[in-house]
Amino acid sequence: MSERDLLMIPGPVEFDPEVLRALSMKTASHVAPEFITVFGRALKRLREVCLAPSAQPFVVAGSGTLAMELAVANLVEQGERALVVNTGYFSDRMATILERHGAEVVQAKCAPGEAPDVAEVERLLAGSRFKLMTVTHVDTSTGVLAPVEALVRAAGRQGVLSVVDGVCATAGEAFHQDAWGADVYLTASQKAIGVPPGLALLTVSPRAMAAWRARKTPVRSFYADFAEWLPIMEAYEGGKPAYFATPPVNLVYALDVSLGQILREGMEARFVRHRRMAHAFRAAWRAMGLKMLPVSESLAAHTLSAVYYPEGVDAGMVGRAREQGVVLAGGLHPQLKTRYFRVGHMNVVGPSDVLATVGAVERALAAAGHRAEPGSAVAAAQVELLAAR
Ligand code: PMP
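Note that the coordinates shown come from a computational prediction; the quantities given were computed from them, not determined experimentally. (Residues numbered from 1 in each chain as written. Predicted model: local features only at pLDDT ≥ 70, side-chain atom pairs only at ≥ 80, totals over all residues. Heavy atoms only, no water.)

(A) Layout of the nonpolar core. One finds Leu98, Met133 and Leu186 to be the most contacted residues of the largest nonpolar core, which totals 105 residues. Ala280, Met288, Val313 and Leu355 belong to the second-largest nonpolar core, a separate cluster that totals 32 residues. (Core = buried A, V, L, I, M, F, W, Y, C linked by side-chain atoms within 4.5 Å. Buried < 20%, exposed > 50% of the residue type's maximum accessible area, 1.4 Å probe, protein only.)

Written out as structure tokens, the structure reads:
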């Protein structure tokens, strides 16, 4: 990859230079007063970004998979029942983690590109003694945006804890944790949160913290145990030093900078910008006659596009786009892997990134022999961007 290449995969994404500069700052002691201030502020900011004033935030060194495991390890005990609303690869992963931690897993599955019906999920939840329900906000393998608000509210009505995997959504897709009553929103740093990979982030509702406190058996992971992390998060937020495991000091600096930028933009403005960029991409795909993997517009994510290759074009197209200076991702869903490509459009993404990417896709498809009017997709995206101003 050249430094001038545009990184348009669904994470890691392009990062703001001020965030990257925070990574090269002198590393302070993890108990130095200036670091405690930064960590404490980042925790408060995470609560604001997740629109979760009542939640307990956790910031732990690790990737998104650790965030998933933190939620599961702390909320599930041997033999408890969990319902996985499955929209693809990362929902499969959640089911695996739940099983590893002793849960009895039931899955609401659907064809790739679809999402399970909310009323059907609520029927499953009713009277079946589920401890929790999990849902992937945006499944990165299919580009499906699950009907998260309705699902979370359904779980709430049935007295079931809701765990939302926001790794490919948080700070890009609308999410109102407290207002909707979601119990755990878990995410990672490298997507719409805007920080290089390495942080697992969670905001946990008072109800979920109470469920953790009411456990009959100890958490079966040492590193993932809230009992170890809660005093640390409380100490840093309270301005006091504490130690369990050395925090990734520079990543926390970067997180604080990025969350500050996100809040300055404003959550609503940020959600709207992500929607606008997604709509411009959709206009481009339509103009090129390309079909998206989600079966309807309402199920299509605003943080990435998953798009089928046209007839006669194969996965070599991703390499051709890279030759054009734009890095895209291939497919991920095991059933369809070779039939589609993915474009991430998160974090600092703006109109110029959209136009550069669409232009590269047009040239890559032309090089692969696909016939389309040159510039028609760029024009369609531009029209959409101008209309959205
Ligand atoms: N959940 C979703 C929705 C994801 O997109 C990803 C990563 N692409 C993960 C979980 C796992 O995160 P990580 O790769 O950071 O462990």
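Back to the text.
(B) How the structure looks around the site of the ligand. Close contacts around the ligand come from 14 residues, with Ser63, Thr65, Thr140, Asp165 and Lys191 the closest. At 2.5 Å from an oxygen atom of the ligand is found a side-chain nitrogen or oxygen belonging to Thr65. In the model, a nitrogen atom of the ligand is placed 2.7 Å from a nitrogen or oxygen of the Lys191 side chain. Protein contacts shield 87% of the accessible area of the ligand, which totals 390 Å² for the unbound molecule. At the level of secondary structure, the elements contributing two or more residues to the shell around the ligand comprise helix H3 (64–75) and helix H4 (89–100). (Near = heavy atom within 4 Å. Polar contact = N/O pair within 3.5 Å; in protein donor to acceptor, adjacent residues only side chain to side chain. Areas by Shrake-Rupley, 256 points an atom, 1.4 Å probe, with all protein chains shown as cover. Helix = DSSP H or I, 4+ residues; strand = E, 2+ residues; numbered from the N terminus.)

(C) Molecular detail of the packing of helix H12 (residues 316–323) against helix H13 (residues 351–367). Across the interface, H12 lies against H13 with an axial gap of 8 Å and an inter-helix angle of 125°. In this view, H12 runs oblique relative to H13, as classed from their interaxial angle. Both H12 and H13 take part in a crossing whose hand is right-handed. Across the interface between the two elements, Met317, Arg320 and Ala321 of H12 pack against Val361, Ala364, Leu365 and Ala367 of H13. Residues that form the contact of H12 with H13 fall into these classes: six nonpolar, no polar and one charged. (Axes fitted to C-alpha atoms, helices over the stretch in contact; angles between N-to-C directions. Parallel < 35°, antiparallel > 145°, perpendicular 65-115°, else oblique. Left-handed = near helix turned anticlockwise from the far one by under 90°. Contact = heavy atoms within 4.5 Å. Nonpolar A, V, L, I, M, F, W, Y, C, P; charged D, E, K, R; others polar.)

(D) A look at the packing of aromatic side chains. The tally for this structure, following the rule as stated, stands at 15 aromatic pairs. Ring plane angle 75° and centroid distance 5.4 Å describe the contact between Phe222 and Phe244, whose orientation is recorded as edge-to-face. A residue pair is termed long-range when its members are at least 10 positions apart, and Phe222 in the loop between helix H8 (206–213) and helix H9 (226–237) and Phe244 in the loop between H9 and helix H10 (249–265) qualify at 22 residues. Here the aromatic residues Phe35, Phe39, Tyr236 and Tyr253 are joined through ring pairs into a cluster of three or more. The ring of Phe130 carries the charged tip of Arg81 above its face, separated from the ring centre by 4.5 Å. (Phe/Tyr/Trp six-rings, centres within 6.5 Å; stacked < 30°, edge-to-face > 60°. Lys NZ or Arg CZ within 6 Å of the ring centre and 35° of its normal.)

(E) Molecular detail of the pairing of strand E10 (residues 199–204). Among the six residues of E10, six are classified as buried, and the element is accordingly described as predominantly covered. Judged by which residues are buried, E10 turns out to be covered on both faces: Leu199, Leu201 and Thr203 on one side and Ala200, Leu202 and Val204 on the other are all buried. One ladder, built from six bridges, connects strand E2 (residues 56–61) with E10; its direction is antiparallel. In the sheet register, Pro57 faces E10, and the bridge partner there is Thr203. Across five bridges, the pairing between strand E9 (residues 184–188) and E10 is antiparallel. (Pairing = 2+ DSSP bridges.)

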